[in-house]
Amino acid sequence: MLIHNRNYTIPLVLHGIVPDGKRVHFEDVELSIFREIINYSGDNFIDLNDVRDAVNNTRPSLLMTFDDGLASDSTIALPLLIEKKIPSIN
């Protein structure tokens, strides 16, 4: 994805990862959907420290961040992020 021959970073802001079937609020992301996001996005995730360098990438970069500091960030999302070696901001 290029815009005027410049690559960009897409912030992916998540508010809460919940077990499948436990979605209560519109911003909740069920675990199966979270896994799909990760699998679809591949190795396009970058660390906050790499944002400036992302303009030299040959494809868009994703910066994953979790809003609100919910417990599910560490109990549900973090183990998967560690397993897949995906950087994120909380």
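Reference entry: report on the structure contained in this document.

Criteria and cut-off values
- Just so you know, the residues in each chain are numbered from 1, in the order the chain's sequence is written.
- With the structure being a predicted model, the display of local features is reserved for residues of pLDDT at least 70 and the display and counting of side-chain atom pairs for 80 or more, all residues being used for whole-chain, interface and lining totals.
- With hydrogens and water stripped out, all remaining heavy atoms of the structure feed into the side-chain values.
- Nonpolar cores are built from buried Ala, Val, Leu, Ile, Met, Phe, Trp, Tyr and Cys residues. Side-chain atoms within 4.5 Å join them into one set.
- The buried label applies to any residue whose accessible area, calculated with a 1.4 Å probe on protein chains only, is under 20% of its type's maximum; exposed applies above 50%, and partly exposed to all values in between.
- Under the DSSP-based scheme used, a helix requires at least four consecutive residues in state H or I and a strand at least two consecutive residues in state E, with every element numbered from the N terminus.
- Contacts are assigned to residue pairs that have any heavy atoms within 4.5 Å of one another.
- Working note: the arc is built from the helix axis to C-beta atom directions.

## Some details on the nonpolar core
- Within the largest apolar cluster, 13 residues are counted, with the highest numbers of intra-cluster contacts made by Leu14, Ile17, Phe34, Ile38, Met64, Phe66 and Leu81.
- If you list the elements that add at least two residues to this core, you get α1 (31-41), β4 (61-66) and α2 (71-84).
- Here Ile38 is in contact with Phe45, Met64, Leu80, Leu81, Lys84 and Ile86, once residues within four sequence places are set aside.

## A look at α1
- All of the buried residues in α1 are Phe34, Ile38 and Ser41. Projected down its long axis, α1 shows its buried positions confined to an angular sector of 75°, all on one face. For α1, the exposed residues set more than 90 degrees away from the buried face come down to Glu36, Asn39 and Tyr40.
- On the buried face of α1, the contacting elements are β1 (9-14), β2 (17-18), β3 (29-30), β4 and α2.
- Of the residues flanking the end of α1, it is Gly42, one or two places downstream, whose phi is positive at about 60°.

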